[in-house]
Amino acid sequence: MAAQPKLKLGIPKGSLQDATIKLFERSGWKIRQHHRNYFPEVNDDDLTLSMCRAQEMSRYVEDGTLDAGLTGKDWILENSSDVVEVADLVYSKVSNRPARWVLAVAGDSPYKRPEDLKGKKIATELKNFTQQYFDKAGIPVDVEFSWGATEAKVVEGLADAIVEVTETGTTIKAHGLRIIAELLQTNTKLIANKDAWNDPWKREKIETLNLMLQGALCAEKLVGLKMNVPEDKMDAIMEKLPALTSPTVAHLYNTTWLSIEIVVDESAVRDLIPELKRLGAEGIIEYSLNKVI
């Protein structure tokens, strides 16, 4: 009997780990971690999971150690990895928006532009990309690899500037630093090994993963609304509904009332529900969504 095929999938370990596991759970895959174990269990016999740092993921996918994985656009560029970029997955540990790699200096330093750092020392974990950025701009600098606590390097006088990743800029400012340029916007990507992508079974599995992950991400900012509306108030209420698609409308049995169901942006609900109530809607129910596909 032929062995059941498996897709070897990499899950990023570190800052994105918890957010990734929660996203998979909303998508239908429950991942169970074991203490000090880099191979978590998952409720899918078609998958084997490996935890590895996002910084290394694209290398493992490129060389076939993994068939697919989740990592950042930044680390694909840093490693110059030759992989299939299947899709963007815009989520993060904080703000669910693309993170930025920024060039920052001490708040009281005289440097205002990248050009002002000519001949200076820059510390960063994104060493190759940063060197390429300055080389392309024709600005000679000394780029040194930072193993961590990069924001402190300027404060301690170990570097003149840093290139560091940030979502909100809060940590940068908290260290008394000032951003003078943005080098790169990055977000999580689902990537695949080229041979795996050309394998029909593995490609279908990767595409299924992407479909469900995207559905869960889409649902994060949306909610469903149900309500009962008298027929004579229908037109006025319909004008107020910012539906994702046309609302579902059904007659309530043996009455002059209608039932309406819609999907709307969660941010609109706090203003929308009082307005719907004022216009005559009754029995308004708001409910969360797991996936929108």
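Residues numbered from 1 in each chain as written. Predicted model: local features only at pLDDT ≥ 70, side-chain atom pairs only at ≥ 80, totals over all residues. Heavy atoms only, no water.

### Points about the overall build of the protein
Okay, step 1: Across its full length, the protein carries ten helices and 16 strands.
Okay, step 2: For the protein, whose C-alpha radius of gyration is 25 Å, the value lies well above the compact-globule estimate of 19 Å for 293 residues.
Okay, step 3: By its C-alpha atoms, the protein is 80 × 65 × 35 Å across when sized along the principal axes.
Okay, step 4: Per-residue burial over the protein gives 44% buried out of 293 residues.
Okay, step 5: For the protein, contacts bridging at least 24 residues in sequence account for 69% of all contacts bridging at least 6.
Okay, step 6: Accessible surface for the protein amounts to roughly 15800 Å². Of this, 48% is attributable to carbon and sulfur atoms.
Okay, step 7: In the protein, the 37 positive side-chain charges and the 44 negative ones have mean positions that sit 4 Å from each other. (Helix = DSSP H or I, 4+ residues; strand = E, 2+ residues; numbered from the N terminus. Rg over C-alpha atoms; globule rule 2.2 N^0.38 Å. Buried < 20%, exposed > 50% of the residue type's maximum accessible area, 1.4 Å probe, protein only. Contact = heavy atoms within 4.5 Å. Areas by Shrake-Rupley, 256 points an atom, 1.4 Å probe, with all protein chains shown as cover. Lys, Arg positive; Asp, Glu negative; His and termini not counted. Charge placed at Lys NZ, Arg CZ, Asp CG, Glu CD.)

### Notes on the pattern of salt bridges
Okay, step 1: Evaluation of the coordinates by the stated rule reveals 17 salt bridges.
Okay, step 2: In this structure, Glu 25 engages Lys 30 in a salt bridge whose closest nitrogen and oxygen atoms are separated by 3.6 Å.
Okay, step 3: The class of Glu 25 is partly exposed, set by a relative accessible area of 44%.
Okay, step 4: A salt bridge links Asp 82 to Lys 194; the nearest nitrogen and oxygen atoms lie 2.7 Å apart. With a gap of 112 residues between them, Asp 82 in the loop between helix H3 (73-79) and strand E6 (84-89) and Lys 194 in helix H7 (residues 194-198) connect regions that are remote in the sequence.
Okay, step 5: Because the salt bridges share partners, they merge into one network encompassing Asp 44, Asp 46 and Lys 205. (Salt bridge = Lys/Arg side-chain N within 4 Å of Asp/Glu carboxyl O.)

### A closer look at the domain arrangement of the protein
Okay, step 1: Taken as a whole, the protein is organised into domain 1 (7-93 + 188-219), domain 2 (99-185) and domain 3 (221-288).
Okay, step 2: Look at where the C-alpha atoms of domain 2 and domain 3 centre, and you get two points 50 Å apart. (Domains from an automatic or database assignment.)

### Concerning the packing of helix H1 (residues 17-27) against helix H8 (residues 200-219)
Okay, step 1: At a closest axis distance of 8 Å, the pairing of H1 and H8 adopts a crossing angle of 100°. Comparing their axes, H8 and H1 come out roughly perpendicular. The segment H1 lies against H8, with Leu 23, Phe 24, Arg 26 and Ser 27 engaging Leu 209, Met 212, Leu 213, Ala 216 and Leu 217.
Okay, step 2: Class assignment for the residues of the contact of H1 with H8 results in seven nonpolar, one polar and one charged. (Axes fitted to C-alpha atoms, helices over the stretch in contact; angles between N-to-C directions. Parallel < 35°, antiparallel > 145°, perpendicular 65-115°, else oblique. Nonpolar A, V, L, I, M, F, W, Y, C, P; charged D, E, K, R; others polar.)

### Observations regarding helix H2 (residues 54-62)
Okay, step 1: The set of residues buried in H2 consists of Ala 54, Gln 55, Met 57, Ser 58 and Val 61.
Okay, step 2: Where H2 is buried, its residues contact strand E1 (7-13), strand E4 (47-53), strand E5 (68-72), H3 and strand E12 (188-192).
Okay, step 3: A positive backbone phi angle near 90° is found at Gly 64, which sits one or two residues after H2.

### Quick look at the packing of aromatic side chains
Okay, step 1: Taken as a whole and judged by the stated rule, the model has four aromatic pairs.
Okay, step 2: The interplanar angle of 65° and the centroid separation of 6.2 Å between the aromatic rings of Phe 24 and Trp 29 together place this pair among those described as edge-to-face.
Okay, step 3: We classify Trp 29 as buried; its relative accessible area is 7%.
Okay, step 4: Taking the centre distance of 5.8 Å and the plane angle of 90° together, the rings of Trp 75 and Trp 101 count as edge-to-face. In this pair, Trp 75 is assigned in helix H3 and Trp 101 in strand E7 (residues 99-106), connecting sequence segments 26 residues apart. Of the two residues, Trp 75 and Trp 101, neither departs from the other in class, the shared state being buried. (Phe/Tyr/Trp six-rings, centres within 6.5 Å; stacked < 30°, edge-to-face > 60°.)

### Notes on the sheet that holds strand E16 (residues 282-288)
Okay, step 1: Taken together, the four strands give an open sheet; going across it, the order is E14-E15-E13-E16, and neighbouring strands pair in antiparallel fashion. Across the chains shown, the open sheet's two edge strands, defined by having one partner strand only, are strand E14 (248-251) and E16. Pairs of neighbouring strands in the sheet enclose a mean axial angle of 15°, with direction left out of account.
Okay, step 2: Inspection of the sheet shows strand E13 (residues 222-230) paired to E16 by five bridges, in the antiparallel sense. The partner of Lys 226 across the bridge, within E16, is Ile 285.
Okay, step 3: Running at roughly 160° to E16, helix H10 (residues 269-278) makes contact with E13, strand E15 (257-265) and E16 of the sheet. (Pairing = 2+ DSSP bridges.)

### Focus: the sheet that holds strand E10 (residues 161-166)
Okay, step 1: In space, the five strands of this open sheet follow the order E9-E8-E10-E7-E11, with mixed pairing throughout. Strands with a single pairing partner mark the edges of an open sheet, and in this sheet they are strand E9 (142-145) and strand E11 (177-186). Averaged over all pairs of adjacent strands, the angle between their axes in this sheet comes to 25°, without regard to strand direction.
Okay, step 2: Direction of pairing for E7 relative to E11: antiparallel, over a ladder of eight bridges. Bridge pairing in E11 places Val 102 opposite Glu 182.
Okay, step 3: Helix-sheet contacts for helix H4 (residues 127-137) involve E7, strand E8 (121-124), E9, E10 and E11, and the interaxial angle to E9 is about 170°.

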